[in-house]
Every structure is written in structure tokens, then in C-alpha cells.
Amino acid sequence: MNSIALFEGKRIILGVCGSIAAYKAVDLASKLTQAGALVDTVMTEAAQRFVTPLSFQAVTGRPVYSDMWRADADGGLPNHIAHIGLAEAADLLLVCPATANTLAKLAHGLADDLLSVTALAVDCPLALAPAMDGAMYESPALQGNLEILLGRGAQLIEPEAGRFASGLVGTGRLPETSVLIGRLRRIIGADGELAGHKLVVTAGGTREALDPVRFISNRSTGKQGYAIAQAAIDAGAEVVLISATGYLAPPVGATMVAVDSAQSMLEAVLENISDSSALVMAAAVADYRPQAVSEQKIKKSQADLSLPLVRAPDILMAVKAQRGQTGYPMIVVGFAAESENLVENARGKLQGKGLDLLVANDITAADAGFAADTNRVVVLDMDGGMQAIDLRSKADIGAYIVERIGGLLN
Ligand code: CTP
């Protein structure tokens, strides 16, 4: 797992309770640590029956707190006092897995172990990831306690439906680590620079059908667009991701709109921008489509086949027209894929399409542009400014673009 800017240096108290899902918390602690967070684990007595403190210590490289009365590893303060220091410095208290017993304690302010004492002491956001048998999760007592906690501002990471260790099926399973991380990104980023803003992002190469089997498309994979959507979620935005590709895992928390052709992407964009702060057109949209789509599969009955192509709609030009009337989106960011005269062509697109920012890619480099995990871009703005961004991960470029949008909006 790569480092994630949002988690870099964040102090997360991971409260682990006694559920079979406690083993998954070890993986989460490991991934959060790799992402750059400082994870301090507090285990209940029951949690230690499922996994050992050593597992968490090994993956986080930090001491694990469990016994309220014992002195810490350096022989200093007993844990029931040391935890106050922990609580003061925390950015988030995540209880994962959260059992019915601990949720009841937190709801009613009981303080009989280190985790419940710590929960009373913190003033950072509280996130709860319950994991238990379906019937327990549905029980009125548990739901009542959850309601109390959510009413007080706690964030719920909903359990998923599936099969339990007991063999029963229901809702109560702890989500996979990638989903937990995605949910945490939204929780930690909630007050970010784009909080209260809606961003519409397009991604992937559109597909123009020839017949029921074939289509014309391009080499775009959608990676840069998905990275921008994730960066916008990390910055607290509400994100609509209009995607022409189904191969990538959707960023957790994005509203996904699946499209295929330039026409369907155009309709989805126009429908979603009317109340949006910004549109980022990272998609590689077809310029031409077949004049007609054959209802039946085209057979190889002729020696040569010519297909007349007609122009596909230019989405950014349609956005320019709509924005002229409504004023939305407030900011429009376009991309330019160029194989020659990068800056000159890009400047022409910035002006012609009425953009606030334009991100230009040189698609001839192997380590940048289509399909690569890295990118190298030049960002042009409407004031004549130009910023060259040397080779970086698409995640970093996404964060940079989101930062520029934030700068224009605020
Ligand atoms: N774009 C669009 N509608 C199209 C084609 C492109 O909205 N039918 C958008 C892209 O999403 C991108 C920008 O316009 O943000 C520039 O796309 P690009 O393919 O570089 O340029 P084109 O306008 O298609 O011009 P050309 O292919 O001739 O370079």
C-alpha cells in the first residue's frame, strides 16, 4: 500500500473489541500504518482472546495498550493515566471491530476498561465499525445504543451482509480493509478544502458501438480520473464519477454513473452539473462515432469494409453553452491528450472550450498518460499561467488538480 497524503502523520486510536473480525483489524492497522498514519491500538480483554497485542505492535511499530492498571512499556505512567495523553493527541478514535458490549458502554458512558475510558477522554471524531452476528446487530438494544451514539455525532461504518463464522447469513460482517480505508478517507477528509462542494468527474474512454459485438474506443483506462475523484473525496467534496470504464474499483463514497458512448456521457454530464461547483473532464471522449449502429452483427461477407463516421458531440462545448446560461459549473477543468506541440495545442483548447484549467498530457511517453500509474502534465490556467508537474503518481497529480480547484473556488 502506498502512502496516502490524507493519513500522513494522523494519529489514529484503534480500539479493538472481542469479535472474530478482530483479525481483520490487524490488516487494517498494517494498511493504515503503511498509508502514513500513527496507529495506537487499545485492546479490550475480550479482543486479546482472538488476537494478541504483539500482532498489532508488530504491524504498527508502536506500543499496544490493554491493561488499564499496568505501567507502560517504559515503566512510566500506568495506562489509565497514559491514555489521557493518547486521547489528547488523537485525530480519530476508530472502534473496529466494535462489539455490542463496547457499543453499549460507549452509548451510556461506562468506563471500566481502557477503551471505554479513552472514549470518554477524546474530543476527536469517533468512528464505529460494528461486527457481530446478524440477529445481535438487528436487536433493539443494539440499534438503540447505535442511535444514541450516532445522535452524538459518531460515524457509522456499516457492516455488510454475508456469511458469519456461525454459518448463519445476515448483516453484521466487517467490510474488507479497502472498504474500511475508503470509509475512513471520507470521515477524516470531511472538513477538507472542498467540504460543501459537489464535483463531477468523468473518466475512461468512451465506446462507440458498431454492432451488438464491437465498438470503437481508445487507450484511456480511467486511472487519472478515478484518482481525481478520490482526491476530491479526501478533500471533503461530494463526488459524482461518470465512468466509461468498469475495470477500476470505484472510490468509496463516490456516486457512480456508468456510461458508454460520448452521447450517454454528454447526457450524464449535463444532468449532473446544474448544481456542481466543478466539472473535471478527464475522460477520453470519442471525436467520431459510426454513422449507424448495425442491429445485427456485421458479417465478413465483403473483402473490404468501409464505415462512415460522423462527429460525436463535444461535451465541453455543450457544457460551455449551458454554463453561459446557468453559471454552473463554477469551475471547468479540461484535459488535453497531445502527441505534438503540447503547450500550443493545449492553450488553444483552454480558450476554445472556455476552461478555467487545462491539464495537458504528452501521450507519447511510456511512463505517463494512458494506462500508466504515473503521469507528467502541464497545467495551464486562463490567466496565462503554466505549471509543469514532473513525473508523479496519478494520485499525487489528482491531489494537485483538486488543490488548484480548491484555490479557484475559495
Ligand atoms: N472532450 C469532450 N468531448 C469530445 C472530445 C473531447 O468534451 N467529444 C474533452 C475531453 O474530455 C478533454 C478535452 O475535451 O477534457 C480535450 O480532449 P482532446 O481529445 O485532447 O481534444 P479534442 O477536443 O478531442 O481535440 P483533438 O482530438 O482534435 O485534439
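These numbers were taken from a predicted model, which means no experiment stands behind them.

Focus on the side chain of Arg62
Looking at the secondary structure, you find Arg62 in the loop between helix H2 (53-60) and strand S3 (64-65). Within the structure, Arg62 has its side chain in polar contact with the side chain of Asp40 (distance 2.9 Å). Setting aside residues no more than four positions away along its own chain, Arg62 makes contact with Arg11, Leu38, Val39, Asp40 and Gln57.

Re the domain arrangement of the protein chain
Per the domain assignment, the segments of the protein chain are domain 1 (5-188) and domain 2 (198-287 + 306-409). Computed over C-alpha atoms, the centres of domain 1 and domain 2 are 38 Å apart. On the side of domain 2, six residues touch domain 1, which itself brings seven residues to the contact. Here domain 1 meets domain 2 over a buried area of about 570 Å², counting both sides, of which 56% is carbon and sulfur.

Describing the layout of surface pockets
Size it by volume and the largest pocket reaches roughly 1,200 Å³. Residue lining of the largest pocket: 34 residues in total, with Ile4, Arg185, Ala227, Gln230 and Ala395 positioned closest to the centre. Mapped by element, the contributors of at least two residues to the lining of the largest pocket are helix H1 (22-34), helix H8 (177-189), helix H9 (223-234) and helix H13 (394-409). Split by residue class, the lining of the largest pocket holds 17 nonpolar, seven polar and 10 charged. Its boundaries defined by the atoms lining it, the second largest pocket holds a volume of some 830 Å³. Taken together, 35 residues form the lining of the second largest pocket, with Ala283, Ala284, Val285, Phe335 and Ala337 sitting closest to its centre. Elements represented by at least two residues in the lining of the second largest pocket include exactly H9, helix H11 (315-326) and strand S17 (331-338). For the lining of the second largest pocket, the class distribution of residues is 17 nonpolar, 10 polar and eight charged.

The rules behind the values
- Residues numbered from 1 in each chain as written.
- Predicted model: local features only at pLDDT ≥ 70, side-chain atom pairs only at ≥ 80, totals over all residues.
- Heavy atoms only, no water.
- Helix = DSSP H or I, 4+ residues; strand = E, 2+ residues; numbered from the N terminus.
- Polar contact = N/O pair within 3.5 Å; in protein donor to acceptor, adjacent residues only side chain to side chain.
- Contact = heavy atoms within 4.5 Å.
- Domains from an automatic or database assignment.
- Buried area = accessible area lost by both parts, 1.4 Å probe.
- 1 Å grid on protein atoms, 1.4 Å probe; cavity = no way out; pocket = protein on both sides within 12 Å on 5 of 7 lines; lining within 4 Å.
- Points joined across faces, edges and corners; volume = space filled by probe spheres on them.
- Nonpolar A, V, L, I, M, F, W, Y, C, P; charged D, E, K, R; others polar.

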